[in-house]
Amino acid sequence: MKKRYILPFLLLSLVSCNDDFLNQLDPNAVVVEKFFETENDVLLAVNGVYQALRSSNNIGESSTLFSEERSDNTGRDDNQSNAGEPFQFNDFSILPSNSYLKSHWANMYDGISRCNTILSRIDQVPFSNEDVKKRYLAETKFVRALLYFHLVRKFGDLPLATVEVTNKEQATALAYRQPEAVIYQQIITDLTEALDSNLPNTQWEYAVGRTSKAAINAILGQVYLTIGSTVAEGQAENLRLAEQYLTAAYGMRTFGKLNEIPYEEVFDVDNKLTCKELILQVQYLQGDQNYSSSIARNNQARGETINSQYPSTGIGGNVKMDLVKDYEESDLRKSFSIKFASDPQVNDWFITKFRDNSTNAGIQGFGGNDWILIRYADVMLLLAETKMNLGKDAEAIALLDEVRERGGLPNYATSRSNTAYTTKYPTLKDAILHERRVELAFENHRWFDLIRNYDATELVSYFKSKNQSDYGNAKLSNMSTKDRYYPIPYDEYQLDPIRMYQNPGY
(Lines give C-alpha, C1' and ligand atoms only; values in the text may rest on other atoms or scores of the structure.)
Protein backbone atom coordinates (compact mmCIF):
# COMPACT_ATOMS: atom_id res chain seq x y z
CA MET A 1 0.00 0.00 0.00
CA LYS A 2 1.36 3.42 -0.85
CA LYS A 3 2.38 5.31 2.26
CA ARG A 4 0.41 8.39 3.29
CA TYR A 5 2.84 10.51 5.28
CA ILE A 6 1.57 12.37 8.31
CA LEU A 7 3.56 15.56 8.66
CA PRO A 8 5.61 15.69 10.76
CA PHE A 9 4.72 12.84 13.13
CA LEU A 10 7.11 9.91 13.12
CA LEU A 11 9.07 11.25 10.18
CA LEU A 12 12.22 10.05 11.91
CA SER A 13 11.02 6.45 11.74
CA LEU A 14 10.61 6.73 7.97
CA VAL A 15 14.14 7.83 7.21
CA SER A 16 15.55 4.33 7.14
CA CYS A 17 12.73 2.89 4.97
CA ASN A 18 13.27 2.45 1.27
CA ASP A 19 10.77 3.56 -1.34
CA ASP A 20 10.17 0.05 -2.67
CA PHE A 21 8.98 -1.12 0.72
CA LEU A 22 6.75 1.91 1.25
CA ASN A 23 5.15 1.63 -2.17
CA GLN A 24 4.04 -1.98 -1.99
CA LEU A 25 0.33 -2.56 -2.53
CA ASP A 26 -1.66 -4.18 0.24
CA PRO A 27 -4.36 -6.42 -1.25
CA ASN A 28 -6.45 -6.05 1.92
CA ALA A 29 -6.54 -2.22 1.87
CA VAL A 30 -7.84 0.48 -0.44
CA VAL A 31 -4.97 2.69 -1.60
CA VAL A 32 -5.46 6.44 -1.81
CA GLU A 33 -5.00 6.40 -5.60
CA LYS A 34 -7.92 3.99 -5.95
CA PHE A 35 -10.24 5.52 -3.39
CA PHE A 36 -11.31 8.89 -4.77
CA GLU A 37 -13.50 7.84 -7.68
CA THR A 38 -17.08 8.89 -6.82
CA GLU A 39 -18.89 11.65 -4.96
CA ASN A 40 -19.73 9.15 -2.22
CA ASP A 41 -16.02 8.42 -1.78
CA VAL A 42 -15.44 12.11 -1.08
CA LEU A 43 -18.36 12.18 1.35
CA LEU A 44 -16.88 9.23 3.25
CA ALA A 45 -13.51 10.98 3.37
CA VAL A 46 -15.10 14.18 4.71
CA ASN A 47 -16.90 12.10 7.32
CA GLY A 48 -13.48 10.76 8.27
CA VAL A 49 -12.27 14.32 8.85
CA TYR A 50 -15.07 14.91 11.36
CA GLN A 51 -14.39 11.51 12.91
CA ALA A 52 -10.81 12.55 13.62
CA LEU A 53 -12.11 15.26 15.96
CA ARG A 54 -13.73 12.67 18.25
CA SER A 55 -10.45 11.31 19.58
CA SER A 56 -9.42 12.13 23.15
CA ASN A 57 -6.02 12.98 21.67
CA ASN A 58 -7.63 15.48 19.31
CA ILE A 59 -10.25 18.03 20.45
CA GLY A 60 -13.02 15.63 21.47
CA GLU A 61 -14.63 15.25 24.87
CA SER A 62 -11.63 13.74 26.70
CA SER A 63 -9.11 16.29 25.43
CA THR A 64 -9.56 18.36 28.60
CA LEU A 65 -6.07 17.27 29.68
CA PHE A 66 -4.59 19.58 27.05
CA SER A 67 -6.76 22.62 27.80
CA GLU A 68 -8.89 22.60 30.93
CA GLU A 69 -6.30 20.90 33.14
CA ARG A 70 -3.70 23.38 31.94
CA SER A 71 -5.84 26.16 33.39
CA ASP A 72 -7.03 27.05 36.88
CA ASN A 73 -10.34 25.20 36.52
CA THR A 74 -9.57 21.51 36.99
CA GLY A 75 -6.83 19.15 38.09
CA ARG A 76 -6.43 15.59 39.25
CA ASP A 77 -5.95 13.96 42.65
CA ASP A 78 -3.58 11.25 41.45
CA ASN A 79 -0.19 12.74 40.59
CA GLN A 80 1.41 9.37 39.84
CA SER A 81 -0.86 8.01 37.09
CA ASN A 82 1.27 6.70 34.21
CA ALA A 83 4.50 7.90 35.84
CA GLY A 84 2.93 11.29 36.50
CA GLU A 85 2.67 12.27 32.82
CA PRO A 86 -0.93 13.56 32.95
CA PHE A 87 -0.15 15.45 36.13
CA GLN A 88 2.64 17.37 34.36
CA PHE A 89 0.14 19.49 32.41
CA ASN A 90 -1.44 21.11 35.43
CA ASP A 91 1.77 21.12 37.46
CA PHE A 92 3.67 23.19 34.86
CA SER A 93 6.32 20.49 34.86
CA ILE A 94 5.65 19.06 31.41
CA LEU A 95 8.57 17.46 29.59
CA PRO A 96 9.12 17.37 25.82
CA SER A 97 9.14 13.56 26.12
CA ASN A 98 5.59 13.48 27.55
CA SER A 99 3.79 10.74 25.60
CA TYR A 100 0.35 12.40 25.95
CA LEU A 101 1.69 15.60 24.41
CA LYS A 102 3.22 13.63 21.54
CA SER A 103 -0.09 11.84 20.91
CA HIS A 104 -1.99 15.14 20.92
CA TRP A 105 0.37 16.69 18.37
CA ALA A 106 0.31 13.56 16.18
CA ASN A 107 -3.45 13.16 16.26
CA MET A 108 -4.15 16.75 15.25
CA TYR A 109 -1.64 16.53 12.41
CA ASP A 110 -3.29 13.29 11.34
CA GLY A 111 -6.57 15.22 11.07
CA ILE A 112 -4.81 17.90 9.01
CA SER A 113 -3.31 15.19 6.81
CA ARG A 114 -6.78 13.79 6.13
CA CYS A 115 -7.91 17.26 5.10
CA ASN A 116 -4.93 17.73 2.81
CA THR A 117 -5.56 14.42 1.09
CA ILE A 118 -9.15 15.39 0.29
CA LEU A 119 -8.16 18.84 -0.96
CA SER A 120 -5.42 17.33 -3.14
CA ARG A 121 -7.61 14.56 -4.57
CA ILE A 122 -11.09 16.03 -4.93
CA ASP A 123 -10.49 17.43 -8.43
CA GLN A 124 -10.00 13.92 -9.82
CA VAL A 125 -13.61 13.06 -8.91
CA PRO A 126 -16.45 13.96 -11.33
CA PHE A 127 -19.33 15.76 -9.58
CA SER A 128 -22.82 16.00 -11.01
CA ASN A 129 -23.40 19.08 -8.87
CA GLU A 130 -20.55 21.52 -8.34
CA ASP A 131 -22.32 22.96 -5.28
CA VAL A 132 -21.85 19.63 -3.50
CA LYS A 133 -18.14 19.70 -4.30
CA LYS A 134 -17.88 23.28 -3.04
CA ARG A 135 -19.61 22.29 0.18
CA TYR A 136 -17.17 19.42 0.82
CA LEU A 137 -14.26 21.75 0.14
CA ALA A 138 -15.61 24.28 2.62
CA GLU A 139 -16.12 21.67 5.35
CA THR A 140 -12.62 20.31 4.89
CA LYS A 141 -10.97 23.73 4.96
CA PHE A 142 -12.92 24.60 8.11
CA VAL A 143 -11.70 21.52 9.96
CA ARG A 144 -8.11 22.09 8.84
CA ALA A 145 -8.28 25.69 10.05
CA LEU A 146 -9.82 24.61 13.35
CA LEU A 147 -7.01 22.12 14.00
CA TYR A 148 -4.27 24.59 13.11
CA PHE A 149 -5.96 27.16 15.39
CA HIS A 150 -5.73 24.75 18.32
CA LEU A 151 -2.13 23.85 17.48
CA VAL A 152 -0.79 27.38 17.01
CA ARG A 153 -2.18 28.62 20.31
CA LYS A 154 -0.62 25.71 22.17
CA PHE A 155 2.76 25.36 20.43
CA GLY A 156 3.44 28.67 18.66
CA ASP A 157 5.45 28.34 15.42
CA LEU A 158 4.45 25.20 13.51
CA PRO A 159 5.25 23.05 10.49
CA LEU A 160 2.70 23.92 7.81
CA ALA A 161 1.41 21.59 5.12
CA THR A 162 -1.56 22.31 2.86
CA VAL A 163 -1.11 19.50 0.31
CA GLU A 164 -1.04 15.72 0.54
CA VAL A 165 2.42 14.52 1.56
CA THR A 166 3.25 11.41 -0.45
CA ASN A 167 6.97 10.75 0.01
CA LYS A 168 9.79 11.04 2.49
CA GLU A 169 11.59 13.83 0.64
CA GLN A 170 8.48 16.00 0.55
CA ALA A 171 7.83 15.40 4.24
CA THR A 172 11.43 16.28 5.13
CA ALA A 173 11.22 19.50 3.15
CA LEU A 174 8.05 20.58 4.98
CA ALA A 175 9.13 19.56 8.49
CA TYR A 176 10.20 22.95 9.79
CA ARG A 177 8.51 25.49 12.02
CA GLN A 178 6.96 28.52 10.38
CA PRO A 179 6.11 31.72 12.31
CA GLU A 180 2.76 32.03 14.05
CA ALA A 181 1.81 34.85 11.69
CA VAL A 182 2.14 32.50 8.70
CA ILE A 183 -0.01 29.87 10.40
CA TYR A 184 -2.68 32.43 11.27
CA GLN A 185 -2.74 33.68 7.70
CA GLN A 186 -3.38 30.13 6.46
CA ILE A 187 -6.16 29.72 9.03
CA ILE A 188 -7.77 32.96 7.85
CA THR A 189 -7.44 31.92 4.21
CA ASP A 190 -9.09 28.55 4.85
CA LEU A 191 -11.96 30.05 6.85
CA THR A 192 -12.55 32.90 4.40
CA GLU A 193 -12.67 30.46 1.50
CA ALA A 194 -14.99 28.18 3.48
CA LEU A 195 -17.40 31.09 3.91
CA ASP A 196 -17.51 31.52 0.13
CA SER A 197 -19.67 28.44 -0.28
CA ASN A 198 -23.25 27.28 -0.30
CA LEU A 199 -23.09 26.03 3.28
CA PRO A 200 -26.24 26.95 5.22
CA ASN A 201 -26.18 29.35 8.15
CA THR A 202 -26.90 26.66 10.75
CA GLN A 203 -26.18 22.98 11.21
CA TRP A 204 -29.94 22.36 11.44
CA GLU A 205 -30.23 23.27 7.75
CA TYR A 206 -27.51 20.75 6.85
CA ALA A 207 -26.83 18.05 9.45
CA VAL A 208 -26.12 18.25 13.16
CA GLY A 209 -22.41 17.87 13.71
CA ARG A 210 -21.41 19.35 10.34
CA THR A 211 -20.13 22.85 9.93
CA SER A 212 -22.16 25.89 8.92
CA LYS A 213 -21.58 29.55 8.18
CA ALA A 214 -22.40 30.37 11.80
CA ALA A 215 -19.58 28.07 12.94
CA ILE A 216 -17.12 29.46 10.40
CA ASN A 217 -17.94 33.05 11.33
CA ALA A 218 -17.58 32.22 15.02
CA ILE A 219 -14.11 30.70 14.64
CA LEU A 220 -12.95 33.37 12.21
CA GLY A 221 -14.06 36.05 14.67
CA GLN A 222 -12.20 34.31 17.48
CA VAL A 223 -9.09 34.06 15.32
CA TYR A 224 -9.12 37.81 14.65
CA LEU A 225 -9.82 38.51 18.34
CA THR A 226 -6.84 36.35 19.32
CA ILE A 227 -4.53 38.15 16.89
CA GLY A 228 -5.91 41.56 17.85
CA SER A 229 -5.40 40.81 21.54
CA THR A 230 -1.87 39.47 21.24
CA VAL A 231 -0.24 41.32 18.33
CA ALA A 232 0.19 45.10 18.44
CA GLU A 233 0.58 45.56 14.68
CA GLY A 234 -2.77 46.05 12.97
CA GLN A 235 -4.63 45.66 16.26
CA ALA A 236 -7.51 48.00 15.46
CA GLU A 237 -8.24 46.35 12.11
CA ASN A 238 -8.03 42.84 13.56
CA LEU A 239 -10.46 43.77 16.33
CA ARG A 240 -12.80 45.36 13.78
CA LEU A 241 -12.78 42.15 11.78
CA ALA A 242 -13.34 40.12 14.95
CA GLU A 243 -16.42 42.22 15.66
CA GLN A 244 -17.63 41.81 12.07
CA TYR A 245 -17.46 38.01 12.01
CA LEU A 246 -18.66 37.43 15.58
CA THR A 247 -21.60 39.75 14.90
CA ALA A 248 -22.38 37.75 11.77
CA ALA A 249 -22.35 34.50 13.76
CA TYR A 250 -24.53 36.02 16.48
CA GLY A 251 -26.97 37.29 13.87
CA MET A 252 -27.52 33.75 12.57
CA ARG A 253 -29.08 32.53 15.84
CA THR A 254 -32.65 31.22 15.58
CA PHE A 255 -33.81 32.40 19.01
CA GLY A 256 -34.35 35.77 20.66
CA LYS A 257 -32.83 36.15 24.13
CA LEU A 258 -30.47 33.63 25.65
CA ASN A 259 -32.74 33.04 28.65
CA GLU A 260 -35.24 31.38 26.30
CA ILE A 261 -32.91 28.36 26.52
CA PRO A 262 -32.43 27.03 30.09
CA TYR A 263 -28.78 26.39 30.93
CA GLU A 264 -29.35 22.73 31.74
CA GLU A 265 -31.07 22.19 28.38
CA VAL A 266 -27.80 23.01 26.58
CA PHE A 267 -26.28 19.81 28.01
CA ASP A 268 -29.38 17.61 27.99
CA VAL A 269 -28.74 14.48 25.93
CA ASP A 270 -32.39 14.39 24.88
CA ASN A 271 -32.16 17.91 23.42
CA LYS A 272 -28.77 17.71 21.72
CA LEU A 273 -30.28 17.49 18.23
CA THR A 274 -32.67 20.40 18.72
CA CYS A 275 -31.09 22.87 21.18
CA LYS A 276 -30.90 26.21 19.39
CA GLU A 277 -27.86 27.40 21.32
CA LEU A 278 -25.57 24.79 19.81
CA ILE A 279 -23.58 25.86 16.76
CA LEU A 280 -21.27 22.86 16.33
CA GLN A 281 -20.71 19.67 18.27
CA VAL A 282 -18.80 16.42 17.97
CA GLN A 283 -21.36 13.62 17.96
CA TYR A 284 -21.43 10.48 20.09
CA LEU A 285 -23.90 7.59 20.01
CA GLN A 286 -25.72 6.63 23.19
CA GLY A 287 -25.57 2.95 24.17
CA ASP A 288 -22.91 2.05 21.62
CA GLN A 289 -19.73 0.59 23.10
CA ASN A 290 -17.51 2.02 20.38
CA TYR A 291 -19.11 5.38 19.61
CA SER A 292 -20.71 6.40 22.89
CA SER A 293 -19.62 9.24 25.12
CA SER A 294 -17.71 8.47 28.31
CA ILE A 295 -17.60 12.00 29.73
CA ALA A 296 -20.44 11.42 32.19
CA ARG A 297 -18.99 8.20 33.63
CA ASN A 298 -15.43 9.54 33.60
CA ASN A 299 -16.47 12.46 35.80
CA GLN A 300 -18.53 10.33 38.17
CA ALA A 301 -17.32 10.41 41.77
CA ARG A 302 -17.35 7.38 44.03
CA GLY A 303 -20.74 6.82 45.62
CA GLU A 304 -22.52 9.21 43.25
CA THR A 305 -25.11 8.54 40.53
CA ILE A 306 -25.89 12.06 39.30
CA ASN A 307 -23.81 11.67 36.13
CA SER A 308 -24.14 8.02 35.23
CA GLN A 309 -25.34 4.62 36.38
CA TYR A 310 -21.74 3.48 36.08
CA PRO A 311 -20.51 2.51 39.57
CA SER A 312 -17.39 4.64 39.84
CA THR A 313 -14.57 3.67 42.18
CA GLY A 314 -12.89 7.06 42.15
CA ILE A 315 -13.21 10.48 40.57
CA GLY A 316 -12.45 11.99 37.21
CA GLY A 317 -11.08 15.47 36.77
CA ASN A 318 -11.60 17.30 40.03
CA VAL A 319 -12.71 20.91 40.31
CA LYS A 320 -10.25 23.36 41.82
CA MET A 321 -11.42 25.30 44.85
CA ASP A 322 -10.22 28.37 42.98
CA LEU A 323 -13.10 27.87 40.53
CA VAL A 324 -15.59 26.77 43.20
CA LYS A 325 -15.01 30.08 45.00
CA ASP A 326 -15.37 32.03 41.76
CA TYR A 327 -19.05 31.16 41.40
CA GLU A 328 -21.23 33.95 42.74
CA GLU A 329 -23.63 33.02 45.54
CA SER A 330 -26.83 33.08 43.46
CA ASP A 331 -25.33 31.58 40.28
CA LEU A 332 -27.71 28.86 39.07
CA ARG A 333 -24.93 27.31 36.99
CA LYS A 334 -22.96 26.20 40.04
CA SER A 335 -25.40 23.57 41.32
CA PHE A 336 -25.81 22.17 37.82
CA SER A 337 -22.10 22.13 36.93
CA ILE A 338 -20.36 20.87 40.08
CA LYS A 339 -21.07 18.87 43.24
CA PHE A 340 -19.15 17.92 46.36
CA ALA A 341 -18.61 14.18 46.79
CA SER A 342 -18.92 13.26 50.44
CA ASP A 343 -17.42 9.79 50.13
CA PRO A 344 -14.39 9.69 52.47
CA GLN A 345 -12.21 8.21 49.73
CA VAL A 346 -12.96 11.13 47.41
CA ASN A 347 -13.83 14.18 49.51
CA ASP A 348 -13.62 16.59 46.61
CA TRP A 349 -15.63 18.58 44.08
CA PHE A 350 -16.41 16.86 40.79
CA ILE A 351 -17.97 17.87 37.45
CA THR A 352 -21.69 17.23 36.97
CA LYS A 353 -22.24 19.35 33.88
CA PHE A 354 -22.20 16.36 31.54
CA ARG A 355 -24.82 13.79 32.53
CA ASP A 356 -26.40 10.67 31.13
CA ASN A 357 -27.71 8.30 33.79
CA SER A 358 -30.42 7.00 31.48
CA THR A 359 -31.42 3.40 30.98
CA ASN A 360 -30.12 3.58 27.41
CA ALA A 361 -26.64 4.47 28.66
CA GLY A 362 -26.88 1.64 31.21
CA ILE A 363 -24.55 0.62 34.00
CA GLN A 364 -21.59 0.67 31.60
CA GLY A 365 -22.09 4.38 31.15
CA PHE A 366 -22.26 4.34 27.34
CA GLY A 367 -23.56 7.91 27.26
CA GLY A 368 -25.01 10.03 24.51
CA ASN A 369 -23.45 13.40 25.33
CA ASP A 370 -22.20 15.34 22.33
CA TRP A 371 -19.06 17.40 22.84
CA ILE A 372 -19.94 21.05 22.24
CA LEU A 373 -17.30 22.94 20.28
CA ILE A 374 -19.19 26.20 19.68
CA ARG A 375 -22.36 27.63 21.26
CA TYR A 376 -23.96 31.04 21.35
CA ALA A 377 -23.07 32.05 24.92
CA ASP A 378 -19.44 31.60 23.90
CA VAL A 379 -19.94 33.77 20.81
CA MET A 380 -21.74 36.45 22.82
CA LEU A 381 -18.99 36.72 25.41
CA LEU A 382 -16.29 36.75 22.72
CA LEU A 383 -18.21 39.57 21.07
CA ALA A 384 -18.48 41.37 24.41
CA GLU A 385 -14.71 41.05 24.84
CA THR A 386 -14.15 42.39 21.34
CA LYS A 387 -16.44 45.38 21.86
CA MET A 388 -14.73 46.14 25.17
CA ASN A 389 -11.37 46.19 23.37
CA LEU A 390 -12.86 48.57 20.81
CA GLY A 391 -14.09 50.92 23.55
CA LYS A 392 -17.76 50.01 23.08
CA ASP A 393 -18.38 49.25 26.75
CA ALA A 394 -22.17 49.76 26.69
CA GLU A 395 -22.59 47.19 23.91
CA ALA A 396 -20.22 44.80 25.67
CA ILE A 397 -22.16 45.10 28.92
CA ALA A 398 -25.49 44.43 27.18
CA LEU A 399 -24.15 41.07 25.95
CA LEU A 400 -22.61 40.32 29.34
CA ASP A 401 -25.90 41.08 31.09
CA GLU A 402 -27.82 38.68 28.85
CA VAL A 403 -25.54 35.79 29.85
CA ARG A 404 -25.70 36.79 33.53
CA GLU A 405 -29.49 37.00 33.43
CA ARG A 406 -29.81 33.38 32.36
CA GLY A 407 -27.43 32.41 35.15
CA GLY A 408 -29.77 34.02 37.70
CA LEU A 409 -27.41 36.91 38.43
CA PRO A 410 -27.96 40.67 38.65
CA ASN A 411 -26.80 42.83 35.76
CA TYR A 412 -23.32 44.32 35.65
CA ALA A 413 -24.37 47.77 36.87
CA THR A 414 -26.10 46.31 39.94
CA SER A 415 -23.22 43.93 40.60
CA ARG A 416 -20.80 46.85 40.53
CA SER A 417 -22.50 48.20 43.65
CA ASN A 418 -21.43 45.03 45.48
CA THR A 419 -18.00 45.56 47.07
CA ALA A 420 -17.14 41.86 46.94
CA TYR A 421 -17.81 41.77 43.19
CA THR A 422 -15.82 44.91 42.38
CA THR A 423 -12.93 43.74 44.53
CA LYS A 424 -12.65 40.47 42.59
CA TYR A 425 -13.51 41.96 39.19
CA PRO A 426 -12.39 45.59 39.23
CA THR A 427 -12.54 46.08 35.45
CA LEU A 428 -14.92 45.11 32.66
CA LYS A 429 -12.19 42.85 31.30
CA ASP A 430 -12.09 40.99 34.63
CA ALA A 431 -15.88 40.72 34.65
CA ILE A 432 -16.03 39.23 31.14
CA LEU A 433 -13.23 36.76 31.89
CA HIS A 434 -15.05 35.71 35.06
CA GLU A 435 -18.31 35.24 33.18
CA ARG A 436 -16.64 33.14 30.52
CA ARG A 437 -15.07 31.03 33.25
CA VAL A 438 -18.31 30.09 35.01
CA GLU A 439 -20.49 29.96 31.89
CA LEU A 440 -18.08 27.78 29.87
CA ALA A 441 -16.41 25.82 32.67
CA PHE A 442 -15.05 22.42 31.58
CA GLU A 443 -15.67 23.14 27.87
CA ASN A 444 -11.96 23.71 27.08
CA HIS A 445 -12.05 27.48 26.70
CA ARG A 446 -10.38 28.70 29.89
CA TRP A 447 -6.71 28.25 28.92
CA PHE A 448 -7.27 29.99 25.59
CA ASP A 449 -9.08 32.84 27.36
CA LEU A 450 -6.12 33.33 29.69
CA ILE A 451 -3.40 33.31 27.03
CA ARG A 452 -5.46 35.67 24.87
CA ASN A 453 -5.77 38.21 27.67
CA TYR A 454 -2.38 37.88 29.41
CA ASP A 455 1.10 37.81 27.92
CA ALA A 456 3.63 35.33 29.31
CA THR A 457 4.78 37.57 32.16
CA GLU A 458 1.23 38.56 33.11
CA LEU A 459 0.17 34.92 33.00
CA VAL A 460 2.80 33.98 35.56
CA SER A 461 1.74 36.84 37.82
CA TYR A 462 -1.91 35.82 37.47
CA PHE A 463 -1.29 32.22 38.52
CA LYS A 464 1.15 33.04 41.31
CA SER A 465 -1.35 35.46 42.85
CA LYS A 466 -3.56 32.46 43.67
CA ASN A 467 -3.59 30.55 46.94
CA GLN A 468 -1.79 27.22 46.68
CA SER A 469 -4.40 25.67 48.97
CA ASP A 470 -7.10 26.46 46.38
CA TYR A 471 -5.08 25.07 43.50
CA GLY A 472 -4.60 21.44 44.62
CA ASN A 473 -1.63 19.10 44.37
CA ALA A 474 -0.03 20.86 41.41
CA LYS A 475 2.56 23.45 42.39
CA LEU A 476 1.99 27.04 41.32
CA SER A 477 5.65 27.77 42.07
CA ASN A 478 6.64 25.69 39.03
CA MET A 479 5.13 28.15 36.58
CA SER A 480 7.36 30.42 34.53
CA THR A 481 7.11 32.34 31.25
CA LYS A 482 8.03 29.16 29.33
CA ASP A 483 4.60 27.75 30.18
CA ARG A 484 2.83 30.11 27.78
CA TYR A 485 3.55 27.40 25.18
CA TYR A 486 3.86 23.65 25.31
CA PRO A 487 7.22 22.16 24.37
CA ILE A 488 7.63 20.71 20.90
CA PRO A 489 7.45 16.91 21.36
CA TYR A 490 10.95 15.52 21.74
CA ASP A 491 10.79 13.19 18.71
CA GLU A 492 9.74 16.09 16.48
CA TYR A 493 12.52 18.34 17.76
CA GLN A 494 15.05 15.56 17.25
CA LEU A 495 14.18 15.35 13.54
CA ASP A 496 16.00 18.61 12.97
CA PRO A 497 17.00 20.63 16.08
CA ILE A 498 17.65 23.67 13.89
CA ARG A 499 14.48 23.80 11.81
CA MET A 500 12.29 22.15 14.48
CA TYR A 501 13.76 24.30 17.26
CA GLN A 502 12.47 23.84 20.78
CA ASN A 503 10.37 26.45 22.57
CA PRO A 504 12.36 28.52 25.10
CA GLY A 505 12.78 27.08 28.57
CA TYR A 506 12.43 23.40 27.67
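Here, every reference points to the structure presented above.
Everything in this summary refers to the structure shown in the same document. Quantities reported herein were computed from a predicted structural model and do not represent experimental measurements.

1. A few points about the overall build of the protein chain
Part 1 of the argument: Of regular secondary structure, the protein chain possesses 24 helices and six strands.
Part 2 of the argument: What you see for the protein chain is a C-alpha radius of gyration of 23 Å, in line with the 23 Å of a compact globule of 506 residues.
Part 3 of the argument: By principal-axis analysis of the C-alpha atoms, the protein chain measures approximately 70 × 55 × 50 Å.
Part 4 of the argument: The 506 residues of the protein chain split such that 57% are buried.
Part 5 of the argument: Intrachain contacts of the protein chain at a sequence separation of at least 6 include 70% that bridge at least 24 residues.
Part 6 of the argument: Per element, the accessible surface of the protein chain, about 20100 Å² overall, is 50% carbon and sulfur.
Part 7 of the argument: Distance between charge centres in the protein chain, computed from 53 positive and 67 negative side chains, equals 1 Å.

2. Considerations on unusual backbone geometry
Part 1 of the argument: Unlike most non-glycine residues, Phe92 shows phi in positive territory, near 55 degrees.
Part 2 of the argument: Within the secondary structure layout, Phe92 lies in the loop between helix H5 (87-91) and helix H6 (99-121).
Part 3 of the argument: The class of Phe92 is buried, set by a relative accessible area of 2%.
Part 4 of the argument: For Asn444, which is not a glycine, the phi torsion comes out positive at approximately 70 degrees.
Part 5 of the argument: Looking at where Asn444 falls in the secondary structure, it is placed in the loop between helix H20 (428-439) and helix H21 (446-453).
Part 6 of the argument: Asn444 sits in the buried class, given a relative accessible area of 8%.

3. With respect to the packing of helix H4 (residues 39-53) against helix H7 (residues 130-155)
Part 1 of the argument: Interaxial distance between H4 and H7 falls to 10 Å at its minimum, and their mutual angle equals 20 degrees. Overall, the two elements H4 and H7 adopt an arrangement that is roughly parallel. By crossing handedness, the relation of H4 to H7 is classed as left-handed. Mapping the contact onto sequence places Glu39, Val42, Leu43, Val46, Val49, Tyr50 and Leu53 in H4 and Val132, Tyr136, Glu139, Thr140, Val143 and Leu147 in H7.
Part 2 of the argument: Across the contact of H4 with H7, the residue classes tally to ten nonpolar, one polar and two charged.

4. Section: the side chain of Glu443
Part 1 of the argument: For Glu443, the position within the fold is in the loop between H20 and H21.
Part 2 of the argument: There is a polar contact of 2.8 Å between the side chain of Glu443 and the side chain of Arg375.

5. Some remarks on the pairing of strand S4 (residues 338-341)
Part 1 of the argument: Pairing geometry for S4 and strand S5 (residues 348-351), over four bridges, is antiparallel. When the bridges of S5 are listed, Ile338 appears paired with Ile351.

6. Brief notes about the nonpolar core
Part 1 of the argument: Judged by nonpolar contacts, the single largest core of 117 residues is most densely connected at Tyr148 and Ile187.
Part 2 of the argument: For this core, the leading source of residues is H7, giving twelve residues.
Part 3 of the argument: Setting aside residues no more than four positions away along its own chain, Tyr148 makes contact with Tyr109, Ile112, Leu158, Pro159, Leu160, Ala161, Ile183 and Ile187.
Part 4 of the argument: Residues Phe87, Phe448, Tyr454 and Phe463 belong to the second largest nonpolar core, which totals 16 residues.

7. Examining the packing of helix H16 (residues 376-389) against helix H17 (residues 393-406)
Part 1 of the argument: Two elements in contact, H16 and H17, have axes separated by 7 Å at closest approach and are oriented at 155 degrees. Here H17 runs roughly antiparallel to H16, going by the angle between their axes. Between H16 and H17 the crossing geometry is left-handed. In this structure, H16 contributes Ala377, Met380, Leu381, Leu383, Ala384, Lys387 and Met388 to the contact, and H17 contributes Asp393, Glu395, Ala396, Leu399, Leu400, Glu402, Val403 and Arg406.
Part 2 of the argument: By residue class, the composition of the contact of H16 with H17 is ten nonpolar, no polar and five charged.

8. Focus on the pattern of salt bridges
Part 1 of the argument: For the structure on display, the rule yields 43 salt bridges.
Part 2 of the argument: Of the charged contacts, one joins Glu243 and Lys387 as a salt bridge, the two residues approaching to 2.8 Å between their closest N and O atoms. One end of the pair, Glu243, is in helix H11 (residues 235-251); the other, Lys387, is in helix H16, with 144 residues separating them in the sequence.
Part 3 of the argument: Here Lys387 falls in the buried class, since its relative accessible area comes to 9%.
Part 4 of the argument: A salt bridge links Asp496 to Arg499; its shortest N-O distance comes to 3.1 Å.
Part 5 of the argument: A relative accessible area of 22% places Asp496 in the partly exposed class.
Part 6 of the argument: Judged by its relative accessible area of 30%, Arg499 is partly exposed.
Part 7 of the argument: One connected set of salt bridges, linked through shared partners, spans Glu277, Glu328, Asp331, Arg333, Lys353, Arg375, Arg404, Arg406, Glu435, Glu439 and Glu443.

9. Structural notes on H6
Part 1 of the argument: The terminal C-alpha atoms of H6 lie 32 Å apart, and with 23 residues this matches the ideal 33 Å at 1.5 Å per residue to within 8%.
Part 2 of the argument: Across the 23 residues that make up H6, a large majority, 17, are buried.
Part 3 of the argument: By the N-cap criterion, in which a side-chain oxygen at the helix start approaches the backbone nitrogen of a residue two or three places on, H6 is capped by Asn98, the distance to Tyr100 being 2.9 Å.

10. Looking at the pairing of strand S2 (residues 278-282)
Part 1 of the argument: Burial analysis of S2 places five of its five residues in the buried class, the great majority of the element.
Part 2 of the argument: Pairing analysis gives four bridges linking S2 to strand S6 (residues 371-375), with the strands arranged antiparallel. Paired with Leu280 across the two strands is Ile374, which belongs to S6.

11. Things to note about the environment of Asp370
Part 1 of the argument: If you trace the backbone, Asp370 turns up in the loop between S5 and S6.
Part 2 of the argument: Measuring from C-alpha to C-alpha, the distance between Asp370 and Ile295 comes to 9.3 Å, with 75 residues separating the pair along the chain.
Part 3 of the argument: Among the polar contacts made by the side chain of Asp370, one reaches the main-chain amide nitrogen of Tyr284 at a distance of 3.0 Å.

Calculation rules
- Residues numbered from 1 in each chain as written.
- Predicted model: local features only at pLDDT ≥ 70, side-chain atom pairs only at ≥ 80, totals over all residues.
- Heavy atoms only, no water.
- Helix = DSSP H or I, 4+ residues; strand = E, 2+ residues; numbered from the N terminus.
- Rg over C-alpha atoms; globule rule 2.2 N^0.38 Å.
- Buried < 20%, exposed > 50% of the residue type's maximum accessible area, 1.4 Å probe, protein only.
- Contact = heavy atoms within 4.5 Å.
- Areas by Shrake-Rupley, 256 points an atom, 1.4 Å probe, with all protein chains shown as cover.
- Lys, Arg positive; Asp, Glu negative; His and termini not counted.
- Charge placed at Lys NZ, Arg CZ, Asp CG, Glu CD.
- Axes fitted to C-alpha atoms, helices over the stretch in contact; angles between N-to-C directions.
- Parallel < 35°, antiparallel > 145°, perpendicular 65-115°, else oblique.
- Left-handed = near helix turned anticlockwise from the far one by under 90°.
- Nonpolar A, V, L, I, M, F, W, Y, C, P; charged D, E, K, R; others polar.
- Polar contact = N/O pair within 3.5 Å; in protein donor to acceptor, adjacent residues only side chain to side chain.
- Pairing = 2+ DSSP bridges.
- Core = buried A, V, L, I, M, F, W, Y, C linked by side-chain atoms within 4.5 Å.
- Salt bridge = Lys/Arg side-chain N within 4 Å of Asp/Glu carboxyl O.
- Expected span 1.5 Å × (residues − 1).

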